[in-house]
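Secondary and tertiary structure notes
Okay, here's what each chain looks like letter by letter:
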Amino acid sequence: MTQDPFVAHRNLLFTVAYEMLGSAADAEDVLQESWLRWADVDQAQVNDPRAYLVRIVTRQALNRLRTLSRSRVDYVGEWLPEPLLTSPDVAEDVELAESVSMALLTVLETLGPTERAVFVLREVFDMPYGEIAEAVGKSAVAVRQTARRAREHVAARRPRVQVSRSEQQAVVEQFLAALRTGQVRELMEIMAPDVVLVADGGGIAAAALAPLHGAELVAAVLGRANQVKGVVEAMPLWLNGAPAGRIEVDGEPAAVSLVVEDGLITRVYLVRNPRKLTRLDEPAGLSR
């Protein structure tokens, strides 16, 4: 029996929805809604099931994104994407790994819903402008203009320096080792002077409500967990296509992703909201 196109392309569809929404839970909801719509389609009349399914998912994700954009205004503290456990294989596709990185997903949050959809479909999945236009309900000319603006917006805000996987792993391991011991000096040695810590507790777990700036402050805050709580477990794992870490302080979990430039940490993304930590046990299926 021929496999249903929705099942065959499910990883791709999930990746599209996740990159547009920054939330695996919302991406799964979008896929469920898209499946229901696909089930009502006369599939014999669909010439290109992949493009058709991406169009359905994009429209559903846009609807969800517009709703979420309003609700995130009331979010307590900083909002970060939901981290995904990924296999090391994801990093083999450099463009895919970059597209699902915490750093890029955070930048995409600064785009409007349509701009974000156009950027993801064009820059990540290399869809033709005509297909994107059908997906977002705009003309091809408008989509080209939107793509240019979105590309410039993202380029001005994304990290410009790429590091090797081995360098990223080495810095992550140093970082986690320093967290286990609470050594503030060791943390400062691997941080850029202007490092920024962004934490997401969602009003549920304790977290800084605004970004923290500077190596001295960030290292002091991170080192305090060991000094106050006394029990810090930190293990390396792969999150969003890159080496990262899972932390537990007295049994309370957190996920941490780092941006490394020239051997130093320039950004720390710390997710403590327990509702966003449900995807750390089984690798997510991602594809382009």
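Our structure is the block above this text.
Everything numeric here is computed off the predicted structure, so don't read it as measured data.

Parameters at a glance
- One numbering rule holds for all chains: residues counted from 1, following each sequence as written.
- For this predicted model, a pLDDT threshold of at least 70 governs which residues receive local features, and a threshold of 80 or more governs which side-chain atom pairs are given and counted, while totals over whole chains, interfaces and linings are taken from all residues.
- To obtain the side-chain values, all non-hydrogen atoms of the structure were included, while hydrogens and water were left out.
- We treat two strands as partners when DSSP finds at least two bridges between them.
- Only DSSP runs of H or I covering at least 4 residues are called helices, and only runs of E covering at least 2 are called strands; the numbering of each starts at the N terminus.
- When checking whether two residues touch, look at their non-hydrogen atoms; a contact exists if any pair is within 4.5 Å.
- Every angle, taken between N-to-C directions, lies between 0 and 180 degrees, and every axis is a line fitted to C-alpha atoms, over only the stretch in contact when it is a helix.
- By nonpolar core is meant a set of buried Ala, Val, Leu, Ile, Met, Phe, Trp, Tyr and Cys residues that side-chain atoms within 4.5 Å join together.
- Burial classes: relative accessible area under 20% of the type maximum marks a residue as buried, over 50% as exposed, and values in between as partly exposed (1.4 Å probe, protein chains only).
- The term salt bridge refers to a pairing of a side-chain nitrogen on Lys or Arg with a carboxyl oxygen on Asp or Glu at a separation within 4 Å.
- Note on aromatic contacts: the rings of Phe and Tyr and the six-membered ring of Trp form a pair at centre separations within 6.5 Å, being stacked when their planes are under 30 degrees apart, edge-to-face when over 60 apart, and tilted otherwise.
- An expected span of 1.5 Å times one less than the residue number is assigned to each helix.
- This arc describes the spread of directions from the helix axis toward the C-beta atoms.
- Two N or O atoms form a polar contact when they lie within 3.5 Å of each other; inside protein one atom must be a possible hydrogen donor and the other a possible acceptor, and for residues adjacent in sequence the pair counts only when both atoms belong to side chains.

**A closer look at the sheet that holds strand E2 (residues 212-213)**
Strands sit in the order E2-E1-E6-E5-E4-E3 across an open sheet of 6 strands; the sheet is mixed. The sheet terminates laterally at E2 and strand E3 (232-239), the two strands that pair on one side only. Of the pairings in the sheet, the one linking strand E1 (residues 191-200) to strand E6 (residues 264-271) comprises 6 bridges and is parallel in character. Bridge pairing in E6 places Val196 opposite Arg267. Against the sheet, helix H10 (residues 165-181) engages E1, E3, strand E4 (242-249), strand E5 (252-261) and E6, with an angle of about 165° to E3.

**Some remarks on the nonpolar core**
Formed by 51 residues in total, the largest nonpolar core has its most connected members in Phe14, Tyr18 and Leu108. Mapped by element, the contributors of at least two residues to this core are helix H2 (10-21), helix H3 (24-39), helix H4 (49-71), helix H6 (102-108), helix H7 (113-124), helix H8 (129-136) and helix H9 (140-155). Residues within four places of Tyr18 in sequence aside, it is in contact with Ser23, Ala24, Ala27, Glu82, Pro83, Leu84, Val100, Leu105 and Asn240. Judged by nonpolar contacts, the second largest core, of 28 residues, contains Ala178, Ala215, Leu222 and Ile265.

**Overview of the pattern of salt bridges**
Inspection of every chain in the model, using the stated rule, returns 18 salt bridges. The partner of Arg10 in a salt bridge is Glu28, and the shortest N-O contact between them spans 2.6 Å. In this pair, Arg10 is assigned in helix H2 and Glu28 in helix H3, connecting sequence segments 18 residues apart. By relative accessible area, Arg10 is classed as partly exposed at 31%. Residue Asp29 pairs with Arg64 through a salt bridge whose shortest N-O separation is 3.4 Å. Taken together, the positions of Asp29 in helix H3 and Arg64 in helix H4 put the pair 35 residues apart, joining distant regions of the chain. Residue classification places Asp29 among the partly exposed positions, given a relative accessible area of 36%. Among the residues examined, Arg64 registers a relative accessible area of 17% and is labelled buried. Through salt bridges that share partners, Asp26, Asp29, Glu33 and Arg64 make up one connected network.

**Focus on the side chain of Gln60**
If you trace the backbone, Gln60 turns up in helix H4. Residue Gln60 is classed as buried on the basis of its relative accessible area of 10%. Excluding its chain neighbours within four sequence positions, the residues that come into contact with Gln60 are Val30, Glu33, Ser34 and Arg37.

**Quick word on the packing of aromatic side chains**
Taken as a whole, this structure holds 3 aromatic pairs when the rule is applied. Ring centres of Phe6 and Trp35 lie 5.3 Å apart, and the angle between their planes is 65°; on these two criteria the pair is classed as edge-to-face. Of this pair, Phe6 sits in helix H1 (residues 5-8) while Trp35 sits in helix H3, and the two are 29 residues apart along the sequence. You can call Phe6 buried: its relative accessible area is 6%. Their ring planes at 5° and their centres at 6.1 Å tell us that Phe14 and Tyr18 sit as a pair that is stacked. Of the two residues, Phe14 and Tyr18 are both situated in helix H2; the distance of 4 residues between them amounts to about one turn of the helix.

**Some remarks on H3**
Here H3 is 16 residues long and its end C-alpha atoms lie 22 Å apart, about the 22 Å a rise of 1.5 Å per residue gives. Along H3, the residues classified as buried are Ala24, Asp26, Ala27, Val30, Leu31, Ser34 and Trp38. With its buried residues spanning 150° around the axis, H3 presents them on a single face. Next to the buried residues of H3 lie H1, H2 and H4. With a side-chain oxygen positioned 3.5 Å from the backbone nitrogen of Ala25, the residue opening H3 is Ser23.

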